[in-house]
Amino acid sequence: MPLITQSIPNLIGGVSQQSPAVRDSNQCEVMENAFPSPIEGLIKRPPASKIVEFRKQADNAILALVSESDAKPHLIIRDVNEKYICLIHPDEIFVYNLDGTRQNVYYDTGAKNYLTGGTRDTIKALTIADVTFIVNTASSNSSTVVAMDASTTTSINYDQIALVYIKQDNYARKTSVTLTNSAGNGTVTYSHTSPHTQSANNEVGTDHVANALASLINSQEGYTAVAIDGVLRITRTGNNFTISVEDDFGGQGAVLIRDQIQRFEDLPYAAPNNYVVRVLGAPESGIDDYYVKFEAENGTFSKGIWRETIAPAIKYKFNYGTMPHILIRQSDGSFMFKKADGTTPASNVPAGVTYTSFKWGDREAGDLETNSDPTFVGDRITNMVLFKNRLGFLSGENIILSEASEFFNFWRTTTLDLPDSDPIDISSSSQKISTMKSGVVFNTELLLFTESTQLVLRGGEILSPKSVSLLPIGDYESYADIQPVSSGLSVFFPYNRGGGYAGIRELVPQPNIDGSYVVNSISDLVPKYIFGKPVTIASTTQEDMMAAVSGGDLYLYKYLRTSEQSLQNAWFKFTFPDVATGGKAKVIWAEFVDSYLYLLTLRNTAKNPVLERIRFGVDQTDADIVAGVNWLTHLDARQYFASGTGTYNSGTGLTTWNLPKPYSYNSTLSQIYTTNGLRILASSGTSYNANTDTAGTVVAVGNYSTTPVWIGYKYEMIFQFSNLWLPSRSLGGTAALQTGRYQLKHMNLLYEDTSFFKIQVTVGIDQSQYEYVYTGNIVGSSVLNQIYLDRGSFRFPVYGKNTETTIKILNDSPLPCKIISAEVEADYTDRAQRFA
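Residues numbered from 1 in each chain as written. Predicted model: local features only at pLDDT ≥ 70, side-chain atom pairs only at ≥ 80, totals over all residues. Heavy atoms only, no water.

Undergrad: How would you explain the overall build of the protein chain if you had to name every residue and give the values?
TA: For the protein chain, the count of helices and strands is one helix and 61 strands. The C-alpha radius of gyration computed for the protein chain amounts to 38 Å, which surpasses the reference 28 Å derived for 836 residues by more than 25%, pointing to a less compact arrangement than a globule. Each principal axis of the C-alpha distribution contributes one length, and for the protein chain these read about 130 × 80 × 40 Å. For the protein chain, long-range pairs separated by at least 24 residues make up 62% of all intrachain contacts whose partners lie at least 6 apart in sequence. Considering the protein chain, the positive charge centre built from 67 side chains and the negative charge centre built from 84 side chains are found 7 Å apart. (Helix = DSSP H or I, 4+ residues; strand = E, 2+ residues; numbered from the N terminus. Rg over C-alpha atoms; globule rule 2.2 N^0.38 Å. Contact = heavy atoms within 4.5 Å. Lys, Arg positive; Asp, Glu negative; His and termini not counted. Charge placed at Lys NZ, Arg CZ, Asp CG, Glu CD.)

Undergrad: Please set out the side chain of S670 residue by residue, giving values where relevant.
TA: Structurally, S670 can be placed in strand β50 (residues 670-674). Discounting residues that sit within four places of it in the chain, S670 has contacts with S664, Y665, A682, G712 and Y713.

Undergrad: Quick rundown of the packing of aromatic side chains? Include the residues and the values.
TA: In total, this model carries 44 aromatic pairs according to the counting rule given. Geometrically, the ring pair formed by F719 and F721 is edge-to-face, given 5.0 Å between the ring centres and 85° between the ring planes. Among the residues examined, F719 registers a relative accessible area of 0% and is labelled buried. For F721, a relative accessible area of 4% puts it in the buried group. Feature note: the residues F133, F318, Y355, F358, W360, F376, F393, F408, F410 and W411 constitute an aromatic cluster, connected by ring pairs. A cation sits over an aromatic face here: K50 above Y663, 6.0 Å from the ring centre. (Phe/Tyr/Trp six-rings, centres within 6.5 Å; stacked < 30°, edge-to-face > 60°. Buried < 20%, exposed > 50% of the residue type's maximum accessible area, 1.4 Å probe, protein only. Lys NZ or Arg CZ within 6 Å of the ring centre and 35° of its normal.)

Undergrad: Tell me about unusual backbone geometry, and name the residues and values.
TA: Cis geometry marks the peptide bond from K661 to P662; its omega dihedral reads 5°. By the element assignment, P662 lies in the loop between β49 (654-658) and β50. The phi torsion at N274 lies on the positive side, around 70°, for a residue other than glycine. Within the secondary structure, N274 sits in the loop between β21 (270-272) and β22 (276-279). Positive phi is not limited to glycine here, since N389 has a value of about 65°.

Undergrad: How would you explain the nonpolar core if you had to name every residue and give the values?
TA: If you look at the biggest cluster of nonpolar residues, it comprises 72 residues, and the most contacted ones within it are L554, W571, F721, L749, F757 and I809. Filtering out sequence-adjacent residues up to four positions away, F721 remains in contact with I8, L11, E29, M747, L749, I807, I809 and A822. F133, Y320, Y355 and W360 belong to the second-largest nonpolar core, a separate cluster that totals 28 residues. (Core = buried A, V, L, I, M, F, W, Y, C linked by side-chain atoms within 4.5 Å.)

Undergrad: Any chance you could break down the sheet that holds strand β12 (residues 131-136) for me, citing the residues and the numbers?
TA: In spatial order, the strands read β10-β26-β25-β12-β11; together these five strands make up an open sheet with mixed pairing. A single partner strand is all that each edge strand has here, and the edge strands are β10 (105-107) and β11 (123-128). Ignoring which end each strand starts from, the neighbouring axes of this sheet average 20° apart. For β11 and β12, the ladder comprises six bridges, and the chain directions are antiparallel. Looking at β12, one finds that T127 is bridged to T132. (Pairing = 2+ DSSP bridges. Axes fitted to C-alpha atoms, helices over the stretch in contact; angles between N-to-C directions.)

Undergrad: If you had to explain the state of the cysteines to someone new, which residues and values would you point to?
TA: In total, this model carries zero disulfides according to the counting rule given. The thiol sulfur of C28 is not disulfide-bonded, and the nearest other cysteine sulfur, from C817, lies at 14 Å. (Disulfide = S-S within 2.5 Å.)

Undergrad: An account of the sheet that holds strand β15 (residues 187-193) is needed here, citing residue identities and associated values.
TA: Pairing within the open sheet is antiparallel, and its three strands lie in the order β15-β14-β18. Strands with a single pairing partner mark the edges of an open sheet, and in this sheet they are β15 and β18 (241-247). Sheet twist, expressed as the average angle between the axes of neighbouring strands with direction ignored, equals 15°. For strand β14 (residues 174-181) and β15, the ladder comprises seven bridges, and the chain directions are antiparallel. Bridge pairing in β15 links L179 to V188. Along the sheet face, helix α1 (residues 206-218) touches β14 and β15 and points at about 145° away from the line of β15.

Undergrad: So what's going on with the pattern of salt bridges? Which residues, and what values?
TA: Scanning all chains against the criterion turns up 38 salt bridges. With a closest N to O distance of 2.4 Å, R78 and D130 form a salt bridge. Here R78, found in the loop between β6 (72-77) and β7 (83-88), pairs with D130, found in the loop between β11 and β12; they are 52 residues apart in sequence, far enough to count as distant. Overall, R78 belongs to the partly exposed group, its relative accessible area being 31%. For D130, a relative accessible area of 25% translates into the label partly exposed. With a shortest N-O distance of 2.9 Å, K338 and D341 are connected by a salt bridge. For the pair shown, K338 and D341 are each scored as buried. Each member of the salt-bridge network shares a partner with another, and the members are K50, E53, R55, K661 and D693. (Salt bridge = Lys/Arg side-chain N within 4 Å of Asp/Glu carboxyl O.)

Undergrad: Please provide a residue-by-residue account of α1, values included.
TA: Between the first and last C-alpha of α1 there are 18 Å, a value that for 13 residues agrees with the 18 Å anticipated at 1.5 Å per step. Among the residues of α1, those classed as buried are V209, A210, A212, L213, A214 and I217. Elements in contact with the buried residues of α1: β13 (161-166), β14, β15, β16 (224-228) and β17 (231-235). (Expected span 1.5 Å × (residues − 1).)

Undergrad: Can you explain the environment of G800? Please cite residues and give values.
TA: Within the secondary structure layout, G800 lies in strand β59 (residues 790-801). You can call G800 buried: its relative accessible area is 5%. C-alpha of G800 to C-alpha of I765: the two residues are 35 residues apart in sequence and 10.0 Å apart in space.

See the structure below:
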């Protein structure tokens, strides 16, 4: 066969762990620190720039983690202008604006105790407006088990008080009250008969009967009777008594009221203040019972109104120390961490501010049966969600949603009715018994995750306790304690692939079956790629990407989809240099905000977490920092030093720059570049000293004090082609030709806006290695603050058998590259003629 060419239309297919013979031509073996842009092609990833390190508020000492899981990162997005990173540590809560400005955090008395034992894995946080709810699920902290407070509602000794409501009276009618003391040996009956005819004193009426009986009873030792508006109150302080009432109206003239009554209509218009009565519904059930309390107009005993209330002598409020705590953004920009107990701290609160509304609601109606404890009482809250203007707690097999628009209330507001706004407490209808661990809002539904089941909470247009349902939609194993994320079109969630590796699935609504979902695995082509259990996943619809942090590495998935097909499904990895070891730094958290990816990295052995960010977007340059510049400086942890910021020592002939804390000099990684792409060799430097909080330095020979420079750490872009196979035309290009020898000759790379890259070719059984460097430098082409960005084709020799050849594109410089496509020149010698 004559010399042939094989085209690779682009290099944005990402990593595949399929056999190279069946991979798509644009998929690769390794993609590290490269970004597969559908618009720009294969480019070197943008650099990570420092935002801030975390410092203790008391002494400004830099935070050092004993373990990477010591603290829980959480983003607080208040609005488009106010965005914060919150780092929740058992000893202190750190809050910084995303521009690096520290916000003071204050603590109410005893509030920190709730954080004891908390870690990245056990702390959960949810922000609603100015309030961040924080839950600690640590089993080592007994305060994380929700409990009721020991306080009870006011008790009433009904054995020592009774009300007699005289409802009717007429001429010659008799009303009797019989009292018996607790010993049972002192029974006395008091009777009053109304006159047979009308008299001048008008002694007929309910008031007259009540007053007359009160006078008779007051003559009996030990009893006190008071009559108001036809209502007789009888008390026997310190001693119990029984009472019965008779009348000439067939039992309808006088009503005895102690702790309960059959009908609300039988309650009097006057009663003692705060007197509580249970109104019975159907005799065979207590579910329709309710309680009413009297509010007297004069505050003691008079006419007034009956209002629904809570039963006497029962627990009515949460133990606030065991409920989620709140981090409140205050009007002066500071934050207050406290229990949601309605109290206002005595200090560090802006003038005029009160926190009475920040209080977990009390049980105000019903009893333990009609308004029972939420199911999270006696258990731990495992996570939180916000859904349809309700705060939701996940606990055990239940999800408990607050009253609509009342995030602090989890009690029924009335037992007389079931309003649509009332709290919701519902468990799964799945046959599998498992604990709910996380949830995410997707479209108009709430998706909930256990370790073996996916469920959906539905309730119609109005989410109501009357119509809500919790239904299983999938039975897939997952890491349910890792928060799933929505991508706009689907929901991503991680799972255990076995063998020490993780995978990512997506939950996608089926377009033709309303309310149904299908689960796909987006990591099938990379079954042994994501090492370990992810600690967090994040996604952005702005860049169509998902990120997973696992084992200290950052794995990314870039996709491009239309309504009909998926055009890109690329897996790749970002790594970051470790200053102390010269190896890889650890990434411990990642989250997208707009077009930025925010990271928490540990770049040194002191384990100082640093917030960094990577900006994504097309045609990036540093023109927003250096006017007129036409390129992006690819140095990690980079810092721009303007003219005059370097210190020159004429005695030593050295220029010194102070590095951002807590970064250190590394002879292999630290690099200095001018704004027009010229490298200045770093001769020495020092490390950051955490004990004295002294910045690290970088030193160069010569006077560069007036030279604007970038200083940072170099990182290498690696793209390793898959072993190339020639597809069979007779089989539609879907199978590789295997009977002959495919001998590679040359490869051409098409590039644009490129200043540097190099090719590494390894061939043969002896693994001989060759390197070919492309540089865009052209004599006489330099322009101030600019480098030469060229476009064209780069041709290099290969000369190796396809199965014995490795080809890599590398870029360890801060200079940009954009590789559009590739083409291979090769010979194919077939040992036999193909039959079909």
